[in-house]
Amino acid sequence: MGKTSSRKDKTKHADQKFEKKLEFYSKVRETVALGAQKAIKKKKRIRTRQKKLKAYNLSSLAECLPDLESSKPETPADFKVTTKSKQKLVMKETNQLKTVLNNPAFQADPLAALHQHLQNTQPVCEKPTRKSVTGKKKKNKKKKGSKGSTGSQSMEE
């Protein structure tokens, strides 16, 4: 009535189970190895990034620079803008404008007077020297001209 099982069937079944286990373990080993490799790569990336940051560390130069806070003029921390202070400022600016407009140098040539005022009040800054900027432009113009001429020839044909 029932199926009689032989020894061969049982061993065949056990072998199949064993092979499945081996396949499963090999897959697990592969995934663990990949995970470990990824972790190693990530650590390497972090190390190289930190080395680069160390190379760009400019804190030693910051010590040599003067403090910006000491050069700033101190302003009162509790300065409040009120209508009275606004009116005072408007009156001060109005008087300043009247004196500028009444200035004979300004009346004679306003732009020259402004230029003179800016030169007297602004700090002197050195302009960086430019090396043959016109030479580069000439080269670019030549390149553009040659490209344009070939395009027009193809259109004519």
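Residues numbered from 1 in each chain as written. Predicted model: local features only at pLDDT ≥ 70, side-chain atom pairs only at ≥ 80, totals over all residues. Heavy atoms only, no water.

Peer 1: What's the story with the overall build of the protein chain in this structure? I'm lost.
Peer 2: The secondary structure content of the protein chain amounts to seven helices and zero strands. Taken from N to C terminus, the helices and strands of the protein chain fall in the order α-α-α-α-α-α-α. By residue count, 1% of the 157 residues in the protein chain fall in the buried class. Counting only carbon and sulfur atoms, one obtains 58% of the accessible surface of the protein chain, whose full area is about 16700 Å². (Helix = DSSP H or I, 4+ residues; strand = E, 2+ residues; numbered from the N terminus. Buried < 20%, exposed > 50% of the residue type's maximum accessible area, 1.4 Å probe, protein only. Areas by Shrake-Rupley, 256 points an atom, 1.4 Å probe, with all protein chains shown as cover.)

Peer 1: What is the right way to look at the layout of surface pockets in this model?
Peer 2: The rolling of a water-molecule-sized probe over the atoms marks out the regions of remaining empty space. Roughly 180 Å³ of internal volume is contained in the largest pocket. Gln96, Val100, Asn103, Ala105, Phe106, Ala113, Leu114 and His117 together form the lining of the largest pocket. It is helix α6 (residues 110-121) that contributes the most residues to the lining of the largest pocket, three residues altogether. Among the residues forming the lining of the largest pocket, the class breakdown is five nonpolar, three polar and no charged. (1 Å grid on protein atoms, 1.4 Å probe; cavity = no way out; pocket = protein on both sides within 12 Å on 5 of 7 lines; lining within 4 Å. Points joined across faces, edges and corners; volume = space filled by probe spheres on them. Nonpolar A, V, L, I, M, F, W, Y, C, P; charged D, E, K, R; others polar.)

Peer 1: Could you clarify how one ought to interpret helix α4 (residues 83-102) in this entry?
Peer 2: Residue pairs spaced three or four apart in an α-helix point in one direction, given the helix's 3.6 residues per turn. Taking 1.5 Å of rise per residue, 20 residues should cover 28 Å, and α4 covers 29 Å from first to last C-alpha, within 8% of that figure. Little of α4 sits out of view: just zero of its 20 residues are buried. (Expected span 1.5 Å × (residues − 1).)

Peer 1: Just checking my understanding: could you explain a positive patch on the surface for this structure?
Peer 2: There is a patch of like positive charges on the surface, built from Lys38, Lys41, Lys42, Lys43, Lys44, Arg45, Arg47, Arg49, Lys51, Lys52 and Lys54. On the secondary structure map, Lys54 appears in helix α1 (residues 7-55). (Patch = residues over 30% accessible without salt bridge, like charges linked within 9 Å, V, L, I, M, F, W, Y side chains within 5 Å. Salt bridge = Lys/Arg side-chain N within 4 Å of Asp/Glu carboxyl O. Lys, Arg positive; Asp, Glu negative; His and termini not counted. Charge placed at Lys NZ, Arg CZ, Asp CG, Glu CD.)

Peer 1: Looking at this structure, I do not really get a nonpolar patch on the surface. What am I missing?
Peer 2: A contiguous nonpolar patch, built from Phe24, Tyr25, Val28 and Val32 and spanning about 390 Å² of accessible area, is present on the exposed surface. Along the chain, Val28 falls in helix α1.

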